[in-house]
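The chain contents come next:
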Amino acid sequence: MWGQLPVQRVERDGVFLHTRAGGSGPPLLLLHGHPQTMAMWHKVLPILMAEHHVVLMDLRGYGDSSRPPADPGHVHHSKREMALDALAVMNAHGHTQFDVLAHDRGARVAHRLAADHPRSVRRMMLLDIAPTLAMYENTTEAFARAYWHWFALIQPGCLPPALIDSDPVRYVRSVMGGRHAGLTPFTPEVLAEYERCAALAGTGTSICEDYRASASIDLAHDRADRLAGRRLLQPLRVLWGLHGAVGRCFDVLGLWRERAADVTGEALDCGHYLAEELPHQVADQALQFFRH
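Residues numbered from 1 in each chain as written. Predicted model: local features only at pLDDT ≥ 70, side-chain atom pairs only at ≥ 80, totals over all residues. Heavy atoms only, no water.

**Student:** Could you give an account of the overall build of the protein, naming the residues involved and the relevant values?
**Tutor:** In terms of helices and strands, the protein carries 15 helices and 8 strands. Seen along its three principal axes, the alpha-carbon backbone of the protein occupies a region of about 45 × 40 × 40 Å. Out of the 292 residues in the protein, the part that is buried amounts to 60%. For the protein, the share of sequence-separated contacts (at least 6 apart) that also reach a separation of at least 24 residues comes to 77%. Of the roughly 11200 Å² of accessible surface on the protein, 54% is carried by carbon and sulfur atoms. (Helix = DSSP H or I, 4+ residues; strand = E, 2+ residues; numbered from the N terminus. Buried < 20%, exposed > 50% of the residue type's maximum accessible area, 1.4 Å probe, protein only. Contact = heavy atoms within 4.5 Å. Areas by Shrake-Rupley, 256 points an atom, 1.4 Å probe, with all protein chains shown as cover.)

**Student:** Requested: an account of the environment of G244, with residues and values cited.
**Tutor:** Inspection of the secondary structure puts G244 in the loop between β7 (236-241) and α12 (245-249). Those residues within four positions of G244 in sequence are excluded, and the remaining contacts are C270 and G271.

**Student:** Please provide a residue-by-residue account of helix α8 (residues 168-177), values included.
**Tutor:** An α-helical segment advances 3.6 residues per turn. Residues three or four places apart therefore align on the same side. Looking at α8, one finds that the buried residues are P168, Y171, V172, V175 and M176. On an axial view of α8, the arc spanned by its buried residues comes to 105°, and they lie on one face. (Arc of directions from axis to C-beta.)

**Student:** Explain the sheet that holds strand β1 (residues 7-12) residue by residue, including any values.
**Tutor:** With respect to topology, 8 strands assemble into an open sheet ordered β1-β2-β4-β3-β5-β6-β7-β8, the strand pairing being mixed. The two strands at the open ends of the sheet, each matched to only one other strand, are β1 and β8 (263-268). Going from strand to strand, the sheet's axes swing by 20° on average, the running direction of each strand aside. Judged from the 4 bridges that link them, strand β3 (residues 27-31) and strand β5 (residues 98-103) form a sheet pairing that is parallel. Of the residues in β5, the one forming a bridge with L30 is L101. The sheet strands contacting helix α2 (residues 79-92) are β1, β2 (15-22), β3, β4 (53-57) and β5, and the helix crosses β1 at an angle near 130°. Where helix α15 (residues 279-290) meets the sheet, it contacts β3, β5, β6 (121-127), β7 and β8, and its direction lies at approximately 160° from that of β6. (Pairing = 2+ DSSP bridges. Axes fitted to C-alpha atoms, helices over the stretch in contact; angles between N-to-C directions.)

**Student:** An account of the nonpolar core is requested, with residue identities and associated values reported.
**Tutor:** In terms of nonpolar packing, the biggest core is built from 58 residues, with L29, V100 and L126 touching the most fellow members. It is α2 that provides the largest number of residues to this core, a total of 6 residues. In this structure L126 touches A102, A107, A110, L236, R237, V238, L239 and W256, once residues within four positions along its chain are discounted. Counting residues in hydrophobic clusters, the runner-up holds 37 residues, among them L28, A39, C270 and L274. (Core = buried A, V, L, I, M, F, W, Y, C linked by side-chain atoms within 4.5 Å.)

**Student:** Help me get a handle on unusual backbone geometry, residues and values and all.
**Tutor:** The omega torsion across H34 and P35 is -5°, close enough to zero to call that bond cis. Note on placement: P35 falls in the loop between β3 and α1 (45-49). Positive phi values are uncommon outside glycine, yet D13 reaches one of about 55°. Among the structural elements, D13 can be located in the loop between β1 and β2.

**Student:** So what's going on with the pairing of β7? Which residues, and what values?
**Tutor:** Burial within β7 is extensive, with 6 of its 6 residues counted as buried. Here β7 shows no split at all, with L236, V238 and W240 on one side and R237, L239 and G241 on the other all buried. Direction of pairing for β6 relative to β7: parallel, over a ladder of 4 bridges. Within the sheet, the bridge partner assigned to M125 lies in β7 and is R237. The pairing of β7 with β8 spans 6 bridges and is classified as parallel. When the sheet's bridge partners are listed, V238 is paired in β8 with G265.

**Student:** Lay out the pattern of salt bridges with the relevant residues and their values.
**Tutor:** Inspection of every chain in the model, using the stated rule, returns 23 salt bridges. Notably, a salt bridge pairs D99 with R122, separated by 3.0 Å at the nearest N-O pair. With a gap of 23 residues between them, D99 in strand β5 and R122 in strand β6 connect regions that are remote in the sequence. A residue is classified by how much of its surface remains accessible, and D99, at 1% relative accessible area, is buried. R237 serves as the salt-bridge partner of E266, at 2.6 Å between the closest nitrogen and oxygen. Of this pair, E266 sits in strand β8 while R237 sits in strand β7, and the two are 29 residues apart along the sequence. (Salt bridge = Lys/Arg side-chain N within 4 Å of Asp/Glu carboxyl O.)

Encoded structure:
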C-alpha cells in the first residue's frame, strides 16, 4: 500500500527527501530504522490511515532520499540534521505540530526532533530503543555481541562502507535475518525494496556515517542536554521486543524516565522489528496513544 501513495520530494539545503502521505485526520510522522525504508510501515499503514494523515519519509542516506557526502565531524548525518529534515518534510505537507511514531534509527531522530523542536512534536511513540547516550555508556559484552554493527560501522576508513557495498543483499539479509524472527516477518516485496535501496550508490557510506554520528556528535548533543537538565516534555510511549537485545540489556523504561517527564511503555512478544512482527498490536497501541 505504501507504494501507491503519491510521492512528494522535499528539498532542504540540497538534500532531497523522498516522502509519501495519505489518510485523513491529525498528522502523524513515521520514521523508519536501519537498514530499512519507509516500506517497513506497510502492515500498520492501512490501520493508521483510518484516523491520521500519515506522512512517511526515507531518512537521508536511506531509501530513495539523498546520500550526503561524509564529513569529518559527521554533521551531515547527525540526528540534529535529520530532525531538521523531518521538520521540513512535515512543514511541506502542511503540518506545524504533529505526532511521531518511529523505530530504531528513526526513533533516534525522533528523540532529537522532540528535544530540539518541542513545540512541533505533540506526542511520540518509539519502538525498540533506549536513549543512545545511555546505551553507549552502559554497553556490556552481551550488547556488543548482539549489536556488533554499532561498533563495526563506526570504524574510520573505507573498509566498513566497502563491506556493505560489496554485497548489499547479503548485508540486509544478514543484519535483519540474524535477529529473533529471522527473515520471516518480511514480505518478499518489502525485502526486495530494502535490498534495492541498499544497493543504491553511496548507501554504505551513509549508513556508516549515520552510526559514526551517533557515536560522536550525537553524543555531544545528548550530553549537552543532560548537563543543562533538559528533558522531553511530550508524552512518550516506548515499546520494545521481549526477545530483542534492547530489552535484555537495558532498563528501557528506567532510562527513558531519566530523559523524559511522562513515559509509559511495555515489551511486546516479538523481536526487534515490532511493526512487521506484530503490526496489529503496534497499530492499536499507536491509535490509542495518539487519541489523547
